[in-house]
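A closer look at the structure
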Amino acid sequence: EITNRIVEPLRLINYSSSWYLVAFDHKREKVINFHLSRVISASILDTPITFKDTKLIVDTSFGIFTTGRMEDYVIKFSSKLTDDVRHIIWHQKQRIEDLEDGAFLLHIPASNSQELITLVLRYAPYACPISPESFVNEYKNRVEEINKTI
């Protein structure tokens, strides 16, 4: 279904080789991620900006899922990966906590675990989710689903 929307652009994101526009949608009265390949046309309107919370949406959350309650997600990386992943900046407010055995904990603010589960799976078995508990459980469920396909 084709719809017309009036949106206030907040951010462009490239995620998994696709471009998304994060924008305040006046029709739904909330921030929405729009897949740019589905946008047929766009024009600039001469109307004032009404959405004032742009800093919250644009700067605080990890990845493409930028709405929802923010939590501190923690991922443990093995010492075997320290040289490979320690220098990567996934988020401007991430925090690294060194462990005695050479491993480290990555603390990252996010409102959704979906992308973080993919991140942990990419580095498995040398990475694992630590918290919140819902993140750990979602990861376990995903691993079980993967094992069923083998």
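Here we summarise the structure given alongside this text. Along each chain, numbering runs from 1 in the same order as the chain's sequence is written. Predicted model: local features are reported for residues with pLDDT of at least 70 only, side-chain atom pairs are reported and counted for 80 or more only, and whole-chain, interface and lining totals are derived from all residues. Only hydrogens and water are removed before side-chain values are computed, so all heavy atoms of the structure are retained for them.

Right, let's talk about the overall build of the protein chain for a bit. A run of H or I in DSSP becomes a helix once it reaches four residues, and a run of E becomes a strand once it reaches two; helices and strands are each numbered from the N terminus. Assigned secondary structure in the protein chain consists of four helices and seven strands. Contacts are residue-level and defined by heavy atoms, with any inter-residue pair within 4.5 Å sufficient. Long-range contacts, defined here as pairs at least 24 residues apart, represent 53% of the contacts in the protein chain between residues at least 6 apart. For the protein chain, the computed accessible surface area is about 10100 Å², with 51% contributed by carbon and sulfur atoms. Here the open area of atoms and residues is found with the Shrake-Rupley method and a 1.4 Å probe, where only the protein chains shown may cover a residue.

Two aromatic rings, drawn from Phe, Tyr or Trp (for Trp, its six-membered ring), form a pair once their centres lie within 6.5 Å of each other, and the interplanar angle then sorts them: stacked below 30 degrees, edge-to-face above 60, tilted otherwise. By the definition in use, this model includes three aromatic pairs. Ring geometry for Tyr-73 versus Phe-135: centroids 5.2 Å apart, planes at 75°, classification edge-to-face. With Tyr-73 in strand 4 (residues 71–77) and Phe-135 in helix 4 (residues 133–148), the pair connects residues that are 62 residues apart, well separated along the chain. When its relative accessible area of 4% is taken as the criterion, Tyr-73 is described as buried. The ring of Phe-104 has Arg-86 sitting right over it, with the charged end atom 5.5 Å from the ring centre. Per-residue accessibility, obtained with a 1.4 Å probe over protein chains only, is compared with the maximum for each type, and a residue is labelled buried under 20%, exposed over 50%, and partly exposed between these values. Two conditions define a charge sitting above a ring: the NZ of Lys or the CZ of Arg must be within 6 Å of the ring centre, and it must be within 35 degrees of the ring normal.

Let us now look at a nonpolar patch on the surface. Distance thresholds for patches are 9 Å for like charges and 5 Å for nonpolar side chains (Val, Leu, Ile, Met, Phe, Trp, Tyr), applied to residues having over 30% relative accessible area and no salt bridge. Each salt bridge in this description consists of a side-chain nitrogen of Lys or Arg and a carboxyl oxygen of Asp or Glu lying within 4 Å of one another. The grouping of Leu-12, Trp-19, Leu-36 and Val-39 at the surface amounts to a nonpolar patch, some 360 Å² of accessible area in total. Its place among the elements puts Trp-19 in strand 2 (residues 18–25). Residue Trp-19 is classed as partly exposed on the basis of its relative accessible area, which comes to 45%.

Our focus in this paragraph is unusual backbone geometry. With omega at 5°, the peptide bond leading from Ala-124 into Pro-125 counts as cis. Not every positive phi belongs to a glycine, and Glu-29 is a case in point at roughly 60°. Turning to its location among the elements, Glu-29 is positioned in the loop between strand 2 and strand 3 (30–35).

With that settled, the discussion passes to the sheet that holds strand 6 (residues 104–110). Whether two strands pair depends on DSSP finding at least two bridges between them. Strand order in the open sheet formed by four strands is 5-6-4-7, and the pairing between neighbours is antiparallel. A single partner strand is all that each edge strand has here, and the edge strands are strand 5 (95–98) and strand 7 (127–131). Adjacent strand axes in the sheet meet at a mean angle of 30° when their direction is disregarded. Two elements, strand 5 and strand 6, share four bridges in a ladder whose sense is antiparallel. Bridging across to strand 6, Arg-95 finds its partner in His-107. Every axis in this analysis is a line fitted to C-alpha atoms, fitted for helices over the stretch in contact. Angles between the N-to-C directions lie between 0 and 180 degrees. Docked against the sheet, helix 4 engages strand 4 and strand 7, running at close to 145° with respect to strand 7.

It is worth spelling out the side chain of His-107 at this point. The topology assignment puts His-107 in strand 6. In protein, a polar contact means a hydrogen-donor-capable atom and an acceptor-capable atom, both N or O and within 3.5 Å, with residues adjacent in sequence counting only if both atoms are side-chain atoms; elsewhere, any N or O pair within 3.5 Å suffices. Reaching out from His-107, the side chain makes a polar contact with the side chain of Asp-72 at a distance of 2.9 Å. Polar side-chain contacts of His-107 include one of 2.8 Å to the side chain of Glu-97. When near neighbours in sequence (up to four residues on either side) are disregarded, His-107 contacts Asp-72, Tyr-73, Val-74, Lys-93, Gln-94, Arg-95 and Glu-97.

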